[in-house]
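Chains, contacts and geometry: an overview
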Amino acid sequence: MAKRGENIYKRKDKRWEGRYKKGYGPNHKIMYGYVYGKTYTEVKEKMKKIQQESPFLANCNFPFEQMCRLWLEKKRILIKTSTYSKYVSIVNQYLIPEFGKHKMTQITCREVNTFITKLASSEWKALSSKTIRDIYMVLHNILIFAKEEYQCPLPAGKITLPKKTDQELDILTEQEHQALSGYLLRHTDEYRNIGILLSLHLGIRIGEICSLQWSDIDFQSSTIFIRKTLQRIQNVESGADGKTKVIIDAPKSSKSIREIPIPDFLLPVLKKASQGLPKEAFLLTGKTDLFVEPRNLQYHFKKCREMLSIAPIKFHALRHTFASRCVENGCDIKTLSEILGHTNTNITLKYYVHISMDIKRKQINALFPSASCGELELS
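Thresholds applied
Residues numbered from 1 in each chain as written. Predicted model: local features only at pLDDT ≥ 70, side-chain atom pairs only at ≥ 80, totals over all residues. Heavy atoms only, no water. Helix = DSSP H or I, 4+ residues; strand = E, 2+ residues; numbered from the N terminus. Buried < 20%, exposed > 50% of the residue type's maximum accessible area, 1.4 Å probe, protein only. Contact = heavy atoms within 4.5 Å. Areas by Shrake-Rupley, 256 points an atom, 1.4 Å probe, with all protein chains shown as cover. Salt bridge = Lys/Arg side-chain N within 4 Å of Asp/Glu carboxyl O. pLDDT = per-residue confidence, 0-100. Patch = residues over 30% accessible without salt bridge, like charges linked within 9 Å, V, L, I, M, F, W, Y side chains within 5 Å. Expected span 1.5 Å × (residues − 1). Arc of directions from axis to C-beta. 1 Å grid on protein atoms, 1.4 Å probe; cavity = no way out; pocket = protein on both sides within 12 Å on 5 of 7 lines; lining within 4 Å. Points joined across faces, edges and corners; volume = space filled by probe spheres on them. Nonpolar A, V, L, I, M, F, W, Y, C, P; charged D, E, K, R; others polar. Phe/Tyr/Trp six-rings, centres within 6.5 Å; stacked < 30°, edge-to-face > 60°. Pairing = 2+ DSSP bridges.

Topic: the overall build of the protein chain
Within the protein chain, the secondary structure is distributed over 15 helices and 8 strands. Every one of the 379 residues in the protein chain was classed for burial, and the buried ones make up 41%. Residue pairs at least 24 apart in sequence account for 62% of intrachain contacts in the protein chain once pairs closer than 6 positions are excluded. Here the protein chain has roughly 22700 Å² of accessible surface; of this, 51% comes from carbon and sulfur atoms.

Right under this line is the structure:
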């Protein structure tokens, strides 16, 4: 009979046998290795040596925190700076406090589900379903990395995530749209107003607007090139002490690098604003060494909105408004998706298009153009 915690047995032929895990096969099935000896002590020494040399046994006893650092180190050279910063924040704020001291083999399906429940509770200020899913995605990727690189087992069982919630899209009404557009066009001497106009009429993201320079606008072809974004992120460099920094990086995805046609009515506005400015000047400041951060542009938009008595909405609602207006006016989804810089049309349809009741009513009535109440006879 084996001692507690050991897989060493005395066989019928009087020899001793030790069994150890050496990895995982298909469908996460454990694969075992065996050692033999004339005495218990001999087998135990062989097992100890294997445990010291075996990547599987040694690495599966890694603390989870150490595995996180290995994963982040590999990811750092593969992903954008902003994405890496987000991953570091999730690891440090949520995952290490919960699992940091656990060995990899101690992270079970039950513990993961308990953690997810905790994230949705008041203990973590009741995080949104999207945030919880983002946190779990990072945890899952670390566990996959541990399995592929170090043969650590994945937690067996079903993980229950909160359901995705469909939020009502905030968009400007026709009257609010016209009021805001009219005000901005009357005050284009303020460069930030031009930035708001571009989001309202072209659906450009706030970070993309803040990074725009006049060299990104081609007046001959009447197009705007979107090839970068500006954002403030957590500075994860050593010695940063939790401070943040502003970076200008590649846009959200490869599809976000795009060329957008400029509407005819905006061309004179942009040409006038660009006069006398160097091409490398930022569009929102007119200076080469000064930019506007997204939070400052959001604050300026808030002041404009309040002055015009427009209902409280976020800056991103301008992008939703643009998408919905395009669909209402017959723009096909493929074209709209490319203008917005989406990876595929499903994102455009699911998250950006809102069809108003007036448009639905027009579409229904368009099905029966010749029918009227007088022509219908009730039996």
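Topic: the pattern of salt bridges
Per the stated rule, a full pass over the model turns up 18 salt bridges. Glu65 is the partner of Arg69 in a salt bridge, and the nearest nitrogen-oxygen pair spans 3.8 Å. Of this pair, Arg69 and Glu65 both sit in helix 3 (residues 64-76), 4 residues apart, roughly one helical turn. In this structure Arg69 comes out as partly exposed when scored by relative accessible area, which is 35%. In this structure, the salt-bridge partner of Arg192 is Glu190, at a minimum N-O distance of 3.1 Å. Its relative accessible area of 24% is what places Arg192 among the partly exposed residues. Residues joined by salt bridges that share partners form a network here, namely Arg11, Asp13, Arg15 and Glu17.

So, the confidence of the model for the protein chain
Overall, the predicted model of the protein chain reaches an average pLDDT of 86, with 86% of residues at or above 70. By mean pLDDT, helix 2 (residues 55-59) is the weakest element of the protein chain at 56, and helix 8 (residues 191-202) is the strongest at 97.

Topic: unusual backbone geometry
The backbone of Ser222 shows a phi angle near 55°, a positive value even though the residue is not glycine. Structurally, the position occupied by Ser222 is in the loop between strand 4 (217-218) and strand 5 (223-226). Positive phi values are uncommon outside glycine, yet Ser309 reaches one of about 60°. Counting through the fold element by element, Ser309 comes out in the loop between helix 11 (294-307) and helix 12 (317-328). Since its relative accessible area comes to 64%, Ser309 is described here as exposed.

Quick notes on a nonpolar patch on the surface
A cluster of nonpolar side chains, namely Ile364, Leu367 and Phe368, defines an oily patch on the protein surface of about 340 Å² accessible area. Since its relative accessible area comes to 54%, Phe368 is described here as exposed.

Here's the deal with helix 3
Spanning 13 residues, helix 3 covers 18 Å between terminal C-alpha atoms, matching the ideal 18 Å at 1.5 Å per step. Every buried residue belonging to helix 3 is among Phe64, Met67, Cys68, Trp71 and Leu72, and all of these are buried. Looking straight down helix 3, one finds that the buried residues subtend no more than 135° of arc, so they occupy a single side.

Some thoughts on the side chain of Arg325
Within the secondary structure, Arg325 is located in helix 12. On the basis of relative accessible area, Arg325 is assigned to the buried category, the value being 10%.

A word on the layout of surface pockets
Taken as a whole, the largest pocket spans an internal volume of roughly 2300 Å³. Taken together, 44 residues line the largest pocket, and the ones lying closest to its centre are Lys130, Lys252, His316, Tyr351 and Tyr352. Taken together, the residues of the lining of the largest pocket break down into 12 nonpolar, 17 polar and 15 charged.

Points about the packing of aromatic side chains
Under the criterion given, the structure shown has 6 aromatic pairs. Ring geometry for Trp71 versus Tyr87: centroids 5.3 Å apart, planes at 35°, classification tilted. One end of the pair, Trp71, is in helix 3; the other, Tyr87, is in helix 4 (residues 81-99), and 16 residues separate them in sequence. With respect to burial, Trp71 and Tyr87 carry one shared label: buried. Relative to Phe115, the ring of Phe99 lies with its centre 5.1 Å away and its plane at 70°, an arrangement referred to as edge-to-face. Separated by 16 residues along the polypeptide, Phe99 in helix 4 and Phe115 in helix 5 (residues 109-119) bring together distant segments of the chain. Comparing Phe99 with Phe115, the two get one shared label, buried.

Some details on the pairing of strand 8 (residues 258-261)
Only one face of strand 8 is covered, namely the face carrying Arg258 and Ile260; the face carrying Glu259 and Pro261 is uncovered. In terms of strand pairing, strand 5 meets strand 8 through 4 bridges, oriented antiparallel. Paired with Phe225 across the strands is Glu259, a residue of strand 8.

Digging into the sheet that holds strand 4
One open sheet holds the 3 strands; their spatial order is 4-5-8, and the pairing between them is antiparallel. Each end of this open sheet is capped by a strand with a single partner; those strands are strand 4 and strand 8.

Section: the environment of Asp264
Within the secondary structure, Asp264 is located in the loop between strand 8 and helix 10 (267-274). A C-alpha to C-alpha distance of 8.3 Å links Asp264 and Ser222, two positions 42 residues apart in sequence.

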